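# Structure assessment
Next come the chains, spelled out residue by residue.
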Amino acid sequence: MQLEPFFAPEILDTVRIVNLAQIGETMPSPPFFQKLLAAGPLMLPKSAHTAAVPFIDVAVFNGEPSLRVVFHTLVHVTQMVLVGPEQVMEGCFRALTVSGLWMAVPFEEQAYQMDARFTANSADVFSVEQEVREWLRSGRYHKAQAHRAS
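Residues numbered from 1 in each chain as written. Predicted model: local features only at pLDDT ≥ 70, side-chain atom pairs only at ≥ 80, totals over all residues. Heavy atoms only, no water.

Along the backbone of the protein chain there are 7 helices and 3 strands. Along the protein chain, helices and strands appear, N-terminal first, in the series α-β-α-β-β-α-α-α-α-α. Residue burial in the protein chain is summarised as follows: out of 150 residues, 38% are buried. For the protein chain, the share of sequence-separated contacts (at least 6 apart) that also reach a separation of at least 24 residues comes to 66%. A total of about 8,700 Å² of accessible surface is found on the protein chain, and carbon and sulfur atoms cover 59% of it. (Helix = DSSP H or I, 4+ residues; strand = E, 2+ residues; numbered from the N terminus. Buried < 20%, exposed > 50% of the residue type's maximum accessible area, 1.4 Å probe, protein only. Contact = heavy atoms within 4.5 Å. Areas by Shrake-Rupley, 256 points an atom, 1.4 Å probe, with all protein chains shown as cover.)

Here you go:
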C-alpha cells in the first residue's frame, strides 16, 4: 500500500516477488559476467551480494527485502516495461563499456536517485512512470554513449 502512489497499478499487480532466503538459496552470477570481466576491468555487483534482480514481471530477492529495496527494484521493472528489456540491457552494457562502473549506468543512477527520494520522504509522492518517461524522452538513458562520442 505504501508504494501505490508511486507506481502504476499494472506494475504492482503484475510483479511477483521471490525471496530466495526462504529456501536457503542465493542468486548465482550469470555466466555472461565472466565474459564481461574478461573484456576489461569492470565493477560489477556479485549476484550473491545483490539485494534483488528484476526479471520483467518477477523480482528475485536474496533476502527479506526492505521497502526501499522493493521500491528500487520496482523502478527497474518500470524501466523495463517502458523502455523495453532489450534496450535496458543494451544501455547497461553500453554504459559499462564506457565507464566500467555499474553505478554509472543511467538506469541504476535513476533507480538510486528515486529510492533515495522515497526513503527521505515517502509523503512526497511522485510518479515513477513519469520520471522514467522523462529520462527516455530527454535521452538521459543514453548519456554514456554521448560521453563516449565526445
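After presenting the structure, the write-up continues.
What follows concerns the confidence of the model for the protein chain. The predicted model of the protein chain has a mean per-residue pLDDT of 82, with 77% of residues at 70 or higher. Across the protein chain, element-level confidence peaks in helix α6 (residues 128-138) with a mean pLDDT of 96 and bottoms out in helix α7 (residues 143-149) with 46. (pLDDT = per-residue confidence, 0-100.)

What follows concerns helix α3 (residues 67-83). Along its 17 residues, α3 runs 24 Å from first to last C-alpha, staying within 8% of the 24 Å computed at 1.5 Å per residue. Along α3, 12 of the 17 residues are buried, which leaves the element largely enclosed by surrounding structure. All buried positions along α3 are accounted for by Val70, Phe71, His72, Thr73, Leu74, Val75, His76, Val77, Thr78, Gln79, Met80 and Val83. Following α3 by one or two positions, Gly84 adopts a phi angle in the positive range, close to 105 degrees. (Expected span 1.5 Å × (residues − 1).)

Locating Asp13 in the fold gives a position in helix α1 (residues 9-14). Note: C-alpha distance between Asp13 and Asp57 (44 residues apart in sequence) is 9.6 Å.

Once that is clear, we can look at the pattern of salt bridges. For side chains of opposite charge, pairing can occur when their charged atoms come near one another. Per the stated rule, a full pass over the model turns up 6 salt bridges. Notably, a salt bridge pairs Glu134 with Arg137, separated by 2.6 Å at the nearest N-O pair. Here Arg137 and Glu134 lie together in helix α6, a separation of 3 residues that amounts to about one turn. Judged by its relative accessible area of 61%, Arg137 falls in the exposed class. (Salt bridge = Lys/Arg side-chain N within 4 Å of Asp/Glu carboxyl O.)

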